[in-house]
Amino acid sequence: MIAEETLVQELKQKESQAKAFEVLVNTYKERLYWHIRRIVLNHDDADDVLQNTFIKVYRNIEGFKGDSKLYSWMYRIATNESLTFLKQKSKKAGISNEELKMSLVENLQSDVYFEGDEIQLKLQKALATLPDKQKLVFTMKYFQEMKYEEISEVLETSVGALKTSYHLAVKKIETYLKAD
């Protein structure tokens, strides 16, 4: 695998940009897809948001300063694109963001790409009740097994605040699952 600094340099140079972008997509598309999919829940929506994410990365790579890891920067773009997508989708449907989240969870059972069982479905319903930030922190920590420091880079939040969000999310999920 190519070193991140080298990849960024090649992405910024016109003569190597196309090849470097192909490497970037092949390296990160699966991880970004699953990150996005856990936010938007629907396979087709996740594909659309993933494509938008890579377009934004391509268009804005010149502005990448290297203050964070390339991976963290792309995750931040993917997260923002996912949340924006959900807001736009709820606005178009004329429903609240919370109603949209519940609707997406209800549609999971008929999604041919959803491989979860009844327990996984209950967890998704519990996650849909969480505020966006708690859901993101829980998803990144629990499903993607990211370290708090990595999540901190992506969400631009302190580790202490992330630990609090994760703890609150766990408590709310436990309460939801016990009540169900």
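The rules behind each value
Residues numbered from 1 in each chain as written. Predicted model: local features only at pLDDT ≥ 70, side-chain atom pairs only at ≥ 80, totals over all residues. Heavy atoms only, no water. Helix = DSSP H or I, 4+ residues; strand = E, 2+ residues; numbered from the N terminus. Buried < 20%, exposed > 50% of the residue type's maximum accessible area, 1.4 Å probe, protein only. UniProt positions renumbered as here; feature names shortened; annotations may be inferred. 1 Å grid on protein atoms, 1.4 Å probe; cavity = no way out; pocket = protein on both sides within 12 Å on 5 of 7 lines; lining within 4 Å. Points joined across faces, edges and corners; volume = space filled by probe spheres on them. Nonpolar A, V, L, I, M, F, W, Y, C, P; charged D, E, K, R; others polar.

Under an unreviewed UniProt entry, the name given to the protein chain is RNA polymerase sigma factor, and the source organism is Flagellimonas hymeniacidonis.

Draft legend 1. Unusual backbone geometry, seen in detail. Phi at glutamate 145 takes a positive value of approximately 50 degrees, unusual for a residue other than glycine. With respect to the helices and strands, glutamate 145 occurs in the loop between helix H7 (132-143) and helix H8 (148-155). Relative accessible area serves as the criterion here: at 68%, glutamate 145 is assigned to the exposed category. Positioned with a positive phi, glutamate 156 is a non-glycine residue whose angle comes to about 55 degrees. You can see glutamate 156 is positioned in the loop between H8 and helix H9 (159-179).

Draft legend 2. Region of interest: the UniProt feature "domain: RNA polymerase sigma-70 region" (unreviewed entry) in the protein chain. UniProt records the feature "domain: RNA polymerase sigma-70 region" (unreviewed entry) at residues 24-90, using the numbering of this structure. The span residues 24-90 is 84% helical and 0% strand by assignment, and the distance between its end C-alpha atoms comes to 31 Å.

Draft legend 3. View of empty space enclosed by the protein. Within this structure, the stated rule accounts for 2 cavities of 30 Å³ or more. For the largest cavity, the calculated volume is near 50 Å³. Forming the walls of the largest cavity are Ile39, Leu83, Leu86, Lys101, Asp132, Lys135 and Leu136. Broken down by secondary-structure element, the contributors of at least two residues to the lining of the largest cavity are helix H4 (70-93) and H7. The element contributing the most residues to the lining of the largest cavity is H7, with 3 residues. Looking at the lining of the largest cavity residue by residue, the classes come out as 4 nonpolar, no polar and 3 charged.

Draft legend 4. Expanded view of the environment of glutamine 120. Within the element layout of this structure, glutamine 120 appears in helix H6 (residues 118-128). Each C-alpha atom of the pair glutamine 120 and glycine 160 lies 28 Å from the other, and the pair is 40 residues apart in sequence.

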